[in-house]
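# Reading the structure
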Amino acid sequence: MERVNAARLWRTERAAPPPRDVPPGSPAIVVRYSGRALARSLVPLAAIVLGVEALVWSMAGNAIAALVTALLVVSVALLAYNVRFRVRPHLPLLTMSATGLEFPSMGARLGWTDVTEVQIHPFRGGQSRAKERSRSIAFMLADPDAFTSQLAGWWLKKMRTPLSVYGTPLVIADTALDHSAEEMAAAAATYINAPVRRFGP
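Residues numbered from 1 in each chain as written. Predicted model: local features only at pLDDT ≥ 70, side-chain atom pairs only at ≥ 80, totals over all residues. Heavy atoms only, no water.

### Notes on the overall build of the chain
Operational definition: Counting from the N terminus, the helices are DSSP H or I runs at least four residues long and the strands are E runs at least two residues long. The classification of residues rests on relative accessible area computed with a 1.4 Å probe and restricted to protein chains. Under 20% of the type maximum is buried, over 50% is exposed, and intermediate values are partly exposed. Contacts are residue-level and defined by heavy atoms, with any inter-residue pair within 4.5 Å sufficient. We get accessible surface area from the Shrake-Rupley algorithm with a probe of 1.4 Å; when it comes to residues, only the shown protein chains can shield them.
A count of helical and extended segments in the chain gives 7 helices and 8 strands. Relative to its full complement of 201 residues, the chain shows a buried share of 36%. If you take every contact in the chain between residues at least 6 apart in sequence, the share linking residues at least 24 apart comes to 70%. When the accessible area of the chain is evaluated, it comes to approximately 11500 Å², of which 60% is carbon and sulfur surface.

### Focus: the sheet that holds strand E6 (residues 135-141)
What counts, and what does not: Criterion used throughout: strands pair if DSSP finds at least two bridges between them. Each axis is a line fitted through C-alpha atoms, taken for helices only over the stretch in contact, and angles between the N-to-C directions span 0 to 180 degrees.
Reading across the sheet, the 4 strands line up as E7-E6-E5-E8 and stay open at both edges, with mixed pairing between neighbours. Of all the strands in the sheet, just strand E7 (171-173) and strand E8 (196-198) have a single pairing partner and so form its edges. Across this sheet, the average inter-strand angle for adjacent strands is 20 degrees, counted without regard to direction. The pairing of strand E5 (residues 115-122) with E8 spans 3 bridges and is classified as parallel. Note on E8: the bridge partner recorded for Ile120 is Arg198. With respect to the sheet, helix H7 (residues 181-189) is in contact with E5, E6 and E8, its orientation differing from that of E6 by roughly 30 degrees.

### Regarding the packing of aromatic side chains
Ring pairs (aromatic) are described by centroid distance and by the angle formed between their planes. Just so we agree on the cut-off: Ring geometry is summarised as follows: Phe, Tyr and Trp rings, the Trp one being its six-membered ring, pair when their centres sit within 6.5 Å, and such pairs are stacked at plane angles under 30 degrees, edge-to-face over 60 and tilted between the two.
What the rule picks out here adds up to 2 aromatic pairs. Plain terms: the ring middles of Phe103 and Phe147 are 5.4 Å apart, the flat faces sit at 65 degrees to each other, and that makes the pair edge-to-face. Taken together, the residues span a long stretch of sequence, with Phe103 in strand E3 (residues 100-103) and Phe147 in helix H4 (residues 144-148) at a distance of 44 residues. On the basis of relative accessibility, which here comes to 0%, the residue Phe147 falls in the buried class. Look at Trp112 and Tyr191: their rings are 5.4 Å apart centre to centre, the planes differ by 15 degrees, and that puts the pair in the stacked class.

### Observations concerning the nonpolar core
To be explicit about the condition: Grouping buried Ala, Val, Leu, Ile, Met, Phe, Trp, Tyr and Cys residues that are joined through side-chain atoms within 4.5 Å yields what is termed a nonpolar core.
Core analysis: the largest hydrophobic core is formed by 32 residues, its most contacted members being Leu94, Met96, Leu101, Phe103, Phe139, Phe147 and Ile172. Within the residue set of this core, elements represented by two or more residues are strand E2 (94-97), E3, strand E4 (108-110), E5, E6 and H7. The element contributing the most residues to this core is H7, with 5 residues. Other than its neighbours up to four places away in sequence, Leu101 contacts Leu94, Thr95, Met96, Arg109, Leu110, Gly111, Trp112, Val115 and Phe139.

Right, here's the structure in full:
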């Protein structure tokens, strides 16, 4: 297997391979957020909030406890707002079809001619066994600006890190999705003559 850091050396500006000859009526692959996975990710947060609440009400006065409770409520409300109106989990994250890739939650789309290669990397940032098994799929782009120019605000800021680490802004972790990185790569391979490169263990 190749090292993850080797991805930084990959030249994204090279010409994209020609797309496969796929019938227009081929079914689209729709990748959505997994409600069960999202719920599991909220369990630790709920435990922390309840623990802090119990500790504050048992050790502090009513005024301080009420203030802490108000701050926690505001924080949870802001988190819920970000999830609902920025991440937008009620919309598909990715749709792959013969016409290209569409990202309804981001408001962006790409043609297959924009993709030069598909890469699979180990997921970074998880300690649990489930996260250790997770992977990220990276779509290497001939012109990353063609994708980021369609983004704004939160999504645009979110894409800066993968661009510096992987050489592409379009990196999707499968930790909270209903399709694995391998399944997404296999679907992409039906639409484009691009290789799938795997990094890490």
